[in-house]
Number of protein chains: 2
Amino acid sequence: MSHTPAPAPLSYEQAGVNYDLIDPLKIAAQRAAASTASQLAGHGFSEVAASRGESAYVVDVGPFYLASIVECLGSKALVADEMARLTGRSWYDGIAQDTIAMAINDLITVGATPLVVQAYWAAGGSEWFEDAARAQALVAGWKKACEVCGVAWGGGETPALAGIVEAGRIDLAASCTGIVNPKSRLSVGDKLGAGDAIVLLASSGIHANGLSLARKLAERLPEGYLTEVAPGLSFGAALLAPTVLYSPVTEALAKAGIVPHYSANVTGHGWRKLLRHPKALTYRIHTVPPVPAVLKFIAEQAGHDAREAYSTLNMGAGFALYVDAKDAQRTVEIAKANGIEAWVAGTVEEGPKRLIVEPLGVTYGDEDLQLR
Amino acid sequence: MSHTPAPAPLSYEQAGVNYDLIDPLKIAAQRAAASTASQLAGHGFSEVAASRGESAYVVDVGPFYLASIVECLGSKALVADEMARLTGRSWYDGIAQDTIAMAINDLITVGATPLVVQAYWAAGGSEWFEDAARAQALVAGWKKACEVCGVAWGGGETPALAGIVEAGRIDLAASCTGIVNPKSRLSVGDKLGAGDAIVLLASSGIHANGLSLARKLAERLPEGYLTEVAPGLSFGAALLAPTVLYSPVTEALAKAGIVPHYSANVTGHGWRKLLRHPKALTYRIHTVPPVPAVLKFIAEQAGHDAREAYSTLNMGAGFALYVDAKDAQRTVEIAKANGIEAWVAGTVEEGPKRLIVEPLGVTYGDEDLQLR
C-alpha cells in the first residue's frame, strides 16, 4: 500500500506528545481530586472509590449511581481541516461523532447508561463560525451521534477564544452524565478474575488517538493525506472514519442480563489499556482482530514493530469487554446484532500483571502503563 | 484613578468578540439539541423542558432531577500569564477558582446542588506542564474551590493540543453534575412573577467575563497591567480577583427553606442577563451595588456610558436571586453570613419585558438579549 520508500521510524514522542511531562501533573491532580471525595458526605452521598482512576467517576446517590466525564477530541479536527481544503467538503459531521465517542465510550466502561451530553466547542475566534456549512455539519453530526447513543444533548458552550485557541481552529470536547441503574450494573472490576473471557469490539480505524503521529506521517508523504491506504481510500479519509459508538452494545448487553466484569476503552496507550485495572492478573490474547488498512499503513510508515504499534494504536480493537466465560459468545452475538464486529479474543488468568498477545509474540507488563 | 488621558472608546465587538457571528450557530445547536430530548424516553426519563436555554440542563430521573453543564473559563488565563511574567508568581490558583465558578454558578441557577466537577485542561503542548509551580497552583486552586463548593473533583482531561491550543497557553473548562433534591428545589422560573424581590449578590470584580475588553485596554495603557486602579492595586491583580463561588449561598438558602423563584448568573451580556427568563415581566432595580474599582476603571477607559457598561460587565452584581418578597431580607442575611455582600435591589412587576435600572436611568428591553 505504501507509495513511499521505507521511511525513517517515528515514535509517538517524536510526534509531539510527551506523556512523561503530562503524567506527573495527572497524578498530582488525581491525588488532590481523591482528597475531595469527602465533600460528598456533606450531601449524604459517597464516591465509588474503585472508580477513581477509571475512565468515569462514579458517585453513589442512593437509588442509583451517578457517572460523569469530560473528554477531549484531541487533534483529529486538524486532519478534518486539511481534508476540507483538499476535498472541498466538510468532515465535521464525523468529527462530531468522534468527540461524543470519546466521552460516551469512557462513560460506559463503568456500566453507566449515558443520559446527557454537553458540547464544548471552543473556537479560535468568532470567524470560525462564518463557515456555515462546517458549523452545520458539526451540529448535524452531534445530533445524530446523540441519537445513536440515546442521549439528550443538553446544551453546551461555544466560546470564541482568540489568543488561546489558534485562529481558524476549534477545540472540541464533550462532557457526559449518566446513571448506573440498577446498581448491579456497576462495573469497576471487583468481579474481574481468572477465567473471564476477553471480548474485543472492532474499531473503525484510528478513532481519535494517535492522530499526532498520523499527522506527522502525512507531512512526509509526497501525496500527503491523498496517499491511498487501500484502493480508492485516501489516508485522510481513512483517518476520518468516525469513532465507533459502543453504547448501543453495552445497553443491549444490559438488556440481555450480561454485566461485564470490567470494560476498557482502547484509546491513548493502545492495547496497554487492556492492563488498565489495578488487579494483578494476566491477560492472554489468542485472537487478534484484523488490522484496519489505515492502522497497518501508519505502523509501516512509522516503522513500528508490533510491540510499538499495539502500544500506541487500537489496531482494530476499539473496546474490550471482560465477561464471564459463559457470556462470551453471546456478547459477540449482541455486538454483531448492533452492527459491530466482535471476537472472543482471550482469557484472564492468574499470574503477574501482564498482557500477552500470543499471535504477535508481544508482552506488556505493569511498567508499560503507569497512570495511577 | 485613570493614569492616562481620556481614551478612545472601545466596544466589546472591537475587543474581538462578535456575538452576531456566534449566536446563529448557538441557536441552530439549541434547536438540534432540543430535538434530542425524546431520547430520554427510551430510558423512562424526560427532560425538564423549561431548562432548555437556561444555564444548566435538567432531566427528571425519578427520585430527583439531574443537572449538568460544561463551562469555559474564557480568556482570563491570558491575563494570568502576563501577570506571571510581570510579577514572577503564578496566578493559576485563582484561575482554577474562576473556571470552577463558571460551571458551579451556572449549575446552581436551576436549584441544583453541585456534586461532581470534572477538569478540562487543554494545553498548547506538553511543555505547558513543565512549569511545575504553575501546574501545582492550578491543582491546589482547583481542589480548594471544590472544597468551598462541597463538590467532589471526579477527574478530568489534560490533553496536549499543539496546533489547536496556542503554544504556552491553556484552554480551561469545567463540567459539573448535580442533583435537584428534593425536587421542590427546582428553580426554572415557573414561580417567577410580579411582586418578587430581586436580590443581588456582590461580585469580586470582573469575574471571568469581559476579559477580552480588559486585555485590549491593557494594551493601550502605558503601564499596562501594572496601572493602579486603586492605591496599591494593579489593574492586572484586580482583574485576577477570583470569581465568587455562590453555591454556599444557594445551599444555605435551601437549608433555610428558601427556594428562589428564579436565579441568574451575571456573566456575558452583563446585566442583560437579568432579563434571561422568557416571561414578559418588568424588572425594576432601585438599588445598585457599589462598582468594584476595576470595573469602574474599565468603563472609564473604554469610554462606556452606564448603558454600555452594565450591558457588558457585572458592575458589582455577580448573581441575581428572584425570591418571594417575604424572603428577601433573610436572603440577604444568609448571603452575608456566608461572606458575600448582598442587597435587596429591586422588584419584579407586571409589564413588558424590560429591565429598568432606576438609579442609572437605563432601560434594557427584550431586543437587547436574544439568546433563544
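These lines cover the structure that appears in this document, whether it is placed above or below. Here the structure is a predicted model, which means the values were calculated and not measured.

Some details on the overall build of chain A
The number of helices and strands found in chain A is 10 helices and 15 strands. Along the first, second and third principal axes, the C-alpha atoms of chain A reach 55 × 45 × 40 Å. When burial is assessed residue by residue, chain A has 65% of its 372 residues classed as buried. In chain A, the share of contacts with a sequence separation of at least 24, taken over all contacts with a separation of at least 6, comes to 83%. Just so you have it, chain A exposes about 12200 Å², and 52% of that area is on carbon and sulfur atoms. The positive charge centre, built from 30 side chains, and the negative charge centre, built from 38, are 3 Å apart in chain A.

Digging into unusual backbone geometry
Cis peptide bonds are those with omega within 30 degrees of zero, and the linkage from A:N181 to A:P182 qualifies with 0°. Positive phi, normally seen in glycine, also occurs at A:H207, with a value near 60°. Positionally, A:H207 belongs in the loop between β7 (197–202) and α5 (211–220). Given the relative accessible area of 5%, A:H207 is considered buried. If you check the backbone angles, B:M315 has positive phi at about 50° while not being a glycine. Among the secondary structure elements, B:M315 is positioned in the loop between α9 (306–310) and β12 (317–323).

Description of helix α2 (residues 76–87) of chain A
All names here are of chain A. Compared with the 16 Å implied by 1.5 Å per residue over 12 residues, the 16 Å span of α2 between its first and last C-alpha is a close match. If you check which residues of α2 are buried, you get K76, A77, L78, V79, A80, D81 and M83. Buried residues in α2 make contact with α3 (92–107), α4 (132–149), β6 (170–180), α5, β9 (233–234) and α6 (235–239).

Section: the side chain of B:S51
You can see B:S51 is positioned in the loop between β1 (46–47) and β2 (57–60). Not counting residues up to four positions away in its chain, the partners in contact with B:S51 are B:A56, B:Y57, B:V58 and B:V188.

Quick notes on the packing of aromatic side chains
For the structure shown, the criterion picks out 24 aromatic pairs over all chains. Seen in terms of ring centroids, A:Y92 and A:W128 are 5.5 Å apart; in terms of plane orientation they differ by 70°. Their pairing is edge-to-face. With A:Y92 in helix α3 and A:W128 in the loop between β4 (113–123) and α4, the pair connects residues that are 36 residues apart, well separated along the chain. Considered together, A:Y92 and A:W128 belong to a single accessibility category, that of buried residues. Look at B:W121 and B:W153: their rings are 5.8 Å apart centre to centre, the planes differ by 50°, and that puts the pair in the tilted class. On the criterion of sequence distance, the pair formed by B:W121 in strand β4 (residues 113–123) and B:W153 in strand β5 (residues 152–157) is long-range, its members being 32 residues apart. Both residues of the pair, B:W121 and B:W153, count as buried. Each residue in the set A:Y92, A:W128 and A:F129 is aromatic and connected to the rest through ring pairs, giving one cluster. Just above the ring of B:W128 sits the side chain of B:R134; from NZ or CZ to the centre is 3.9 Å.

About the thresholds
The residue numbers shown here count from 1 along each chain, following its written sequence. All chains are assigned letters beginning with A, and all ligands numbers beginning with 1, in the order in which they are written. Side-chain atom pairs in this predicted model are given and counted only at pLDDT of 80 or more, local residue features only at pLDDT of at least 70, and totals for whole chains, interfaces and linings cover all residues. Side-chain numbers here rest on the full set of heavy atoms in the structure, without hydrogens or water. Here a helix means four or more residues in a row that DSSP labels H or I, a strand means two or more in a row labelled E, and each is numbered from the N terminus. With a 1.4 Å probe rolled over the protein chains alone, any residue whose accessible area is under 20% of its type maximum counts as buried; one over 50% counts as exposed, and the rest are partly exposed. Note on definitions: a residue-residue contact is assigned when non-hydrogen atoms from the two residues lie within 4.5 Å. Per-residue and other accessible areas follow the Shrake-Rupley method at a 1.4 Å probe size, with only the shown protein chains counted as cover for residues. As used throughout, the charge tally considers Lys and Arg to be positive and Asp and Glu to be negative, leaving His and the chain termini uncounted. By convention, the charge on Lys lies at NZ, on Arg at CZ, on Asp at CG and on Glu at CD. Expected helix span is computed as 1.5 Å times (number of residues minus one). Note on aromatic contacts: the rings of Phe and Tyr and the six-membered ring of Trp form a pair at centre separations within 6.5 Å, being stacked when their planes are under 30 degrees apart, edge-to-face when over 60 apart, and tilted otherwise. Two conditions define a charge located above a ring, namely a distance within 6 Å from the ring centre to NZ of Lys or CZ of Arg, and an angle within 35 degrees of the ring normal.

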